[in-house]
Amino acid sequence: MPERRVLRMGDPDLRRVSEPVERFADPSLIELVGDLWDTMAARGGVGIAAPQIGVALRVVVFGFDESERYPQAAPVPRTVLINPEIEPLDSEMVDGWEGCLSVPGLRGIVPRHRRIRYRGFDAQGRPFERQVEDFHARVVQHECDHLDGVLYPQRMRDLATLGFEEEIDFTRCPGEVAPEV
Ligand code: NI
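Residues numbered from 1 in each chain as written. Predicted model: local features only at pLDDT ≥ 70, side-chain atom pairs only at ≥ 80, totals over all residues. Heavy atoms only, no water.

Colleague: Tell me about the environment of isoleucine 86, and please be specific about residues and values.
Modeller: As for its position among the elements, isoleucine 86 is in strand β3 (residues 76-88). For the pair isoleucine 86 and glycine 120, spaced 34 residues apart in sequence, the C-alpha to C-alpha distance is 9.0 Å. With near-sequence residues (within four places) excluded, isoleucine 86 lies in contact with Ile116, Arg117, Tyr118, Val140, Gln141 and Cys144. (Helix = DSSP H or I, 4+ residues; strand = E, 2+ residues; numbered from the N terminus. Contact = heavy atoms within 4.5 Å.)

Structure below.
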C-alpha cells in the first residue's frame, strides 16, 4: 500500500467538509486505511486524516506504540476512527503545541478540551467509545477538525506562537513538543 501525497495548507481540498462512510469492510475503505497508516509512518506523524491525502471521507488514524519515539507524550493506542463524534466532558481547556503534516515544519500553541469522550466505528463497522484526556484528546480533536476542513492555525488564540520548529525555544513556552498529526 503506497505512501500518498499529503496536501498542504492552501489546498482547497483541505477545507472541505468530508462525507460519512456508508460502506464498512469495503475493499476501498481497507485500502484507504492502509494508505493512511503508510503515509503517516513515512512522514513520521502520529495521526492523519483522509482529507490530508485528498479523500473527503470521515476517516482518521492515529496512535503509536509505547516503545516508539515521543517519550514525552503519553502513549496513544493505534486506532482507526470512522464517522467520529466528540463530546467534551467538562469545560477545561489546555494549551499545547501542535504540528500538522499539512503544515510541515511549523508549530503553534492551540487550546483544546482536556477531557473528551469520543465514539465512532472501526473499518469493519464495529462501534466503540473512549474517554480520554491530554495528548490523546488533543490528537483526536486535531484529526477530527480535518474532517470539517479546519486546520490548527484556525484554532490558535495567539498567532505570535506560530513558528518554525527549528526556531522555537520550547523551553520558554508551556507544554511539550508534539509530533505532527
Ligand atoms: Ni493535521
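Colleague: Go over the packing of aromatic side chains with me, naming the residues and quoting the values.
Modeller: According to the stated counting rule, one finds 4 aromatic pairs in the structure shown. Summarising the aromatic geometry, the rings of tyrosine 118 and phenylalanine 128 are spaced 6.5 Å apart at their centres and angled 85° between planes, so their arrangement reads as edge-to-face. On the criterion of sequence distance, the pair formed by tyrosine 118 in strand β6 (residues 115-121) and phenylalanine 128 in strand β7 (residues 127-133) is long-range, its members being 10 residues apart. Assigned by exposure class, tyrosine 118 and phenylalanine 128 land together as buried. An aromatic cluster is present here, built from Phe62, Tyr118 and Phe128 joined pairwise through their rings. (Phe/Tyr/Trp six-rings, centres within 6.5 Å; stacked < 30°, edge-to-face > 60°. Buried < 20%, exposed > 50% of the residue type's maximum accessible area, 1.4 Å probe, protein only.)

Colleague: Which residues make up helix α1 (residues 27-43), and what values go with them?
Modeller: Think of an α-helix as 3.6 residues a turn; residues three or four steps apart then line up on the same face. With 17 residues, α1 should cover 24 Å at 1.5 Å per step; its first-to-last C-alpha distance of 24 Å lies within 8% of that length. When we look at burial in α1, the residues that qualify are Leu29, Leu32, Val33, Gly34, Asp35, Leu36, Trp37, Thr39 and Met40. Just past α1, the residue glycine 44 takes up positive phi, approximately 70°. (Expected span 1.5 Å × (residues − 1).)

Colleague: Requested: an account of the side chain of aspartate 35, with residues and values cited.
Modeller: When you line up the elements, aspartate 35 lands in helix α1. Side chain to side chain, aspartate 35 and arginine 4 meet in a polar contact 2.7 Å long. (Polar contact = N/O pair within 3.5 Å; in protein donor to acceptor, adjacent residues only side chain to side chain.)

Colleague: Run through the sheet that holds strand β5 (residues 103-113), naming residues and quoting values.
Modeller: The strand order β4-β5-β8 describes an open sheet built from 3 strands, whose pairing is antiparallel. Pairing within the sheet leaves two strands with one partner each, and these edge strands are β4 (93-100) and β8 (163-164). Relative to β8, β5 runs antiparallel, the two being bridged by 2 bridges. In the sheet register, arginine 107 faces β8, and the bridge partner there is glycine 163. Together, β4 and β5 form the strand contacts of helix α2 (residues 134-147), whose direction differs from that of β4 by roughly 60°. (Pairing = 2+ DSSP bridges. Axes fitted to C-alpha atoms, helices over the stretch in contact; angles between N-to-C directions.)

Colleague: Explain the pairing of β3 to me, using residue names and the numbers behind them.
Modeller: A regular strand places its side chains so that they alternate between the two faces of the sheet. The pairing of strand β2 (residues 59-64) with β3 spans 5 bridges and is classified as antiparallel. Its bridge partner lying in β3, phenylalanine 62 is registered against threonine 79. Relative to β6, β3 is paired through 5 bridges, and the arrangement is antiparallel. In the strand pairing of β6, glutamate 85 is matched with arginine 119.

Colleague: Residue-level account of unusual backbone geometry, with values.
Modeller: Phi is positive for alanine 25, close to 60°, though the residue is something other than glycine. Turning to its location among the elements, alanine 25 is positioned in the segment before α1. Look at asparagine 83: it is not a glycine, yet its phi comes out positive at around 50°. Judged by relative accessible area, which is 16%, asparagine 83 ranks as buried.

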